[in-house]
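Coordinate inspection notes
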Amino acid sequence: MDQVLDDRKKKILKAIIKTYMETGEPVGSRTISKFADLNVSSATIRNEMSDLTDMGYIVQPHTSAGRIPSDKGYRLYVDELMREKESEVQEIKDLMIEKTDKMDKMLKQVAKVLASNTNYATMISVPQYSGSKIKFIQLSRVTPLQLVAVVVSDNNVIRNQIIDLDEEMDDQTILKLNLLLNTNLNGVPIQDINLGMIARLKEQAGAHSSVVGTVLDAVADTIQVDEDDMQIYTSGATNIFKYPELADTSKASELISAFEEKQDLVDLVKERMSDTENTGIQVYIGDEMPVQTMKDCSVVTATYELGKGLHGTIGIIGPKRMDYANVVDSLKALKVQLDELIKKES
């Protein structure tokens, strides 16, 4: 029966494997002693490495005083790594579910209060991520011929992608691909991943270039705004009946339909988010509107930011004779309040 490794032995084994993966050379105690989180002497490390050798986790090539991982060592490392990453992914998912629930309630309340304060129709989009960086990528085996790639960005957006294999892949190959992807992509802005970088990673992956390509497709998905996934909350749609110029049956019907079906509102948000130069308050009057159903209205929008590249759009829709000063002041105040609310939650 295998002995259970204590934390220090696990740290030393992990350091040996990571160093060997980077250099391809047998690893000595002096090299391991430079790892900041060990804080032990070379002599202690030598004793621990001797124990790890006796236990079969590392081996000593006959021509060198250094050690390299055995299959047993790789197995322990991979199992520990997968447990750590799976735990981290689950923690992130739980946190995001909790935060999403709180955010949804807050945004619905924002739309309601804004409609009440202005007597116009209002909308607010659930924020989308931009400017994300890759936090980590985890490849794990699902079945002998399937892997799952988990891509996590620095703002904790998670994408899962199933990868079908033509032939089985051993643990060491999966480990090497994980190291290849994370060494090259951790901390890299997703927008900076270009064709040259993709080609280089595929070349380094050799026979497994298709796996790398599929993972990078999943990475790209983290910054694509899916129209079906975009949530928009509205309030005060019936306020438009208070204004005779919008209360005409056909005009009112079009506007109410736009608020119910929300596709026009999605188009408006996409237009707004694409204008990266102007993230302040924007006023659209009549024909300036990018959405046909709102050509008889004025729409005032603002972009709000909830930290780390998380952006959404607030909009107020009313007649062309709306009280612009009041609307602009309301949006400015709301942006400040949202910022303070998010700081309290974080």
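Read on for a plain summary of the structure. Since this is a predicted model, take the numbers as computed values, not measurements.

A few words on the overall build of the protein. From N to C terminus, the protein includes eleven helices and eleven strands. Considering the protein as a whole, with its 346 residues, one finds that 43% of them fall into the buried category. Long-range pairs, those at least 24 residues apart, make up 60% of the contacts in the protein with a sequence separation of at least 6. Within the structure as shown, the protein displays about 18,300 Å² of accessible surface, and the carbon and sulfur contribution to it stands at 47%.

What follows deals with a negative patch on the surface. Among the surface-exposed residues, Asp 248, Glu 254, Asp 287, Glu 288 and Asp 296 lie close enough to one another that they form a single negatively charged patch. Within the fold, Glu 254 resides in helix H9 (residues 249-261).

Now for the side chain of Ser 298. Examined against the element boundaries, Ser 298 turns out to sit in strand S10 (residues 297-305). Within the structure, the side chain of Ser 298 is placed 2.7 Å from the side chain of Tyr 324, a separation counted as a polar contact. If sequence neighbours within four positions are ignored, Ser 298 has contacts with Tyr 284, Ile 285, Ile 316, Ile 317, Gly 318, Pro 319, Lys 320, Met 322 and Tyr 324.

Read from one edge of the open sheet, three strands run S5-S6-S7, paired in antiparallel fashion. Single-partner strands in this sheet number two, and they are strand S5 (134-143) and strand S7 (158-164). Taken pair by pair, the neighbouring strands of this sheet meet at an average axis angle of 20°, ignoring direction. Against the sheet, helix H5 (residues 171-185) makes contact with S5 and strand S6 (146-153), and its axis sits at roughly 165° relative to S5, the strand it touches most.

The next thing to look at is helix H3 (residues 42-54). Along its 13 residues, H3 runs 18 Å from first to last C-alpha, staying within 8% of the 18 Å computed at 1.5 Å per residue. Here H3 has its buried residues at Ile 45, Glu 48, Met 49 and Leu 52. Within H3, the buried residues cover an arc of 105° as seen down the axis, which keeps them to one side. Facing away from the buried side of H3 by more than 90 degrees, the exposed set consists of Asn 47 and Asp 54. One or two steps after H3, the chain reaches Gly 56, where phi turns positive at roughly 90°.

Right, let's get into unusual backbone geometry. The phi dihedral of Asn 119 is positive, around 65°, even though this residue is not glycine. Residue position: Asn 119 is located in the loop between helix H4 (71-118) and strand S3 (121-125).

The rules behind each value
- Residues numbered from 1 in each chain as written.
- Predicted model: local features only at pLDDT ≥ 70, side-chain atom pairs only at ≥ 80, totals over all residues.
- Heavy atoms only, no water.
- Helix = DSSP H or I, 4+ residues; strand = E, 2+ residues; numbered from the N terminus.
- Buried < 20%, exposed > 50% of the residue type's maximum accessible area, 1.4 Å probe, protein only.
- Contact = heavy atoms within 4.5 Å.
- Areas by Shrake-Rupley, 256 points an atom, 1.4 Å probe, with all protein chains shown as cover.
- Patch = residues over 30% accessible without salt bridge, like charges linked within 9 Å, V, L, I, M, F, W, Y side chains within 5 Å.
- Salt bridge = Lys/Arg side-chain N within 4 Å of Asp/Glu carboxyl O.
- Lys, Arg positive; Asp, Glu negative; His and termini not counted.
- Charge placed at Lys NZ, Arg CZ, Asp CG, Glu CD.
- Polar contact = N/O pair within 3.5 Å; in protein donor to acceptor, adjacent residues only side chain to side chain.
- Pairing = 2+ DSSP bridges.
- Axes fitted to C-alpha atoms, helices over the stretch in contact; angles between N-to-C directions.
- Expected span 1.5 Å × (residues − 1).
- Arc of directions from axis to C-beta.

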